[in-house]
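Below are the chains, spelled out letter by letter.
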Amino acid sequence: MSGFGGGEVFLADCPARLAVELIADKWTVVVLAGLSRGPVRHGELIELIGGISRKMLTQTLRRLESHGLVRRHAYAEVPPRVEYELTPLGATLTDPIQVLTDWARANGDAVLAALDAGSEPIARQS
């Protein structure tokens, strides 16, 4: 039996399911982690994250903004300057993302070894 509680949380019309689907996106956690240190410009995020296209970053930022996790601030300057930052709601994800990051660091080698061996992964205990 898992410790996740009742399955009703993941019914199709449940807001929790929408939140999990948003977080489960390939780039969401990486972008949120990149924004966790404070406001960042688009180009800086590209360099910080690596491997994400400008188009994908823009789409991810727009989706996170529409869900209330990221704020976009356009400055009235020439040349134009735009920064992105976490909203208070988005900042609530900083600790859970850190837990996932710690897990990935602790178990990344075991996951790769399992892929290489084609066997059941063995989780490391810390």
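The structure we're discussing is the one just above.
Residues numbered from 1 in each chain as written. Predicted model: local features only at pLDDT ≥ 70, side-chain atom pairs only at ≥ 80, totals over all residues. Heavy atoms only, no water.

1. Focus: the overall build of the chain
Here's step 1: When helices and strands are tallied, the chain shows six helices and three strands.
Here's step 2: Out of the 126 residues belonging to the chain, those deemed buried represent 25%.
Here's step 3: Put simply, 39% of the contacts in the chain that link residues at least 6 apart link residues at least 24 apart.
Here's step 4: In the structure as shown, the chain presents an accessible area of about 8,900 Å², 59% of it carried by carbon and sulfur atoms. (Helix = DSSP H or I, 4+ residues; strand = E, 2+ residues; numbered from the N terminus. Buried < 20%, exposed > 50% of the residue type's maximum accessible area, 1.4 Å probe, protein only. Contact = heavy atoms within 4.5 Å. Areas by Shrake-Rupley, 256 points an atom, 1.4 Å probe, with all protein chains shown as cover.)

2. Observations concerning helix α3 (residues 42-49)
Here's step 1: All of the buried residues in α3 are H42, L45, I46 and I49. Within α3, the buried residues cover an arc of 105° as seen down the axis, which keeps them to one side.
Here's step 2: Phi for G50, located one or two positions after α3, is positive at around 70°. (Arc of directions from axis to C-beta.)

3. Observations concerning the pattern of salt bridges
Here's step 1: Enumeration according to the criterion identifies five salt bridges in this entry.
Here's step 2: One salt bridge in this structure joins R63 and D25, with 2.9 Å as the shortest N-O distance. Of this pair, R63 sits in helix α4 (residues 54-66) while D25 sits in the loop between α1 (15-23) and α2 (28-35), and the two are 38 residues apart along the sequence.
Here's step 3: Of the residues examined, R63 reaches a relative accessible area of 25% and is grouped as partly exposed.
Here's step 4: One salt bridge in this structure joins D102 and R105, with 3.9 Å as the shortest N-O distance. Pair noted here: D102 and R105 are both in helix α6 (residues 94-117), with a separation of three residues, about one helical turn.
Here's step 5: Overall, the relative accessible area of 41% leaves D102 in the partly exposed class. (Salt bridge = Lys/Arg side-chain N within 4 Å of Asp/Glu carboxyl O.)

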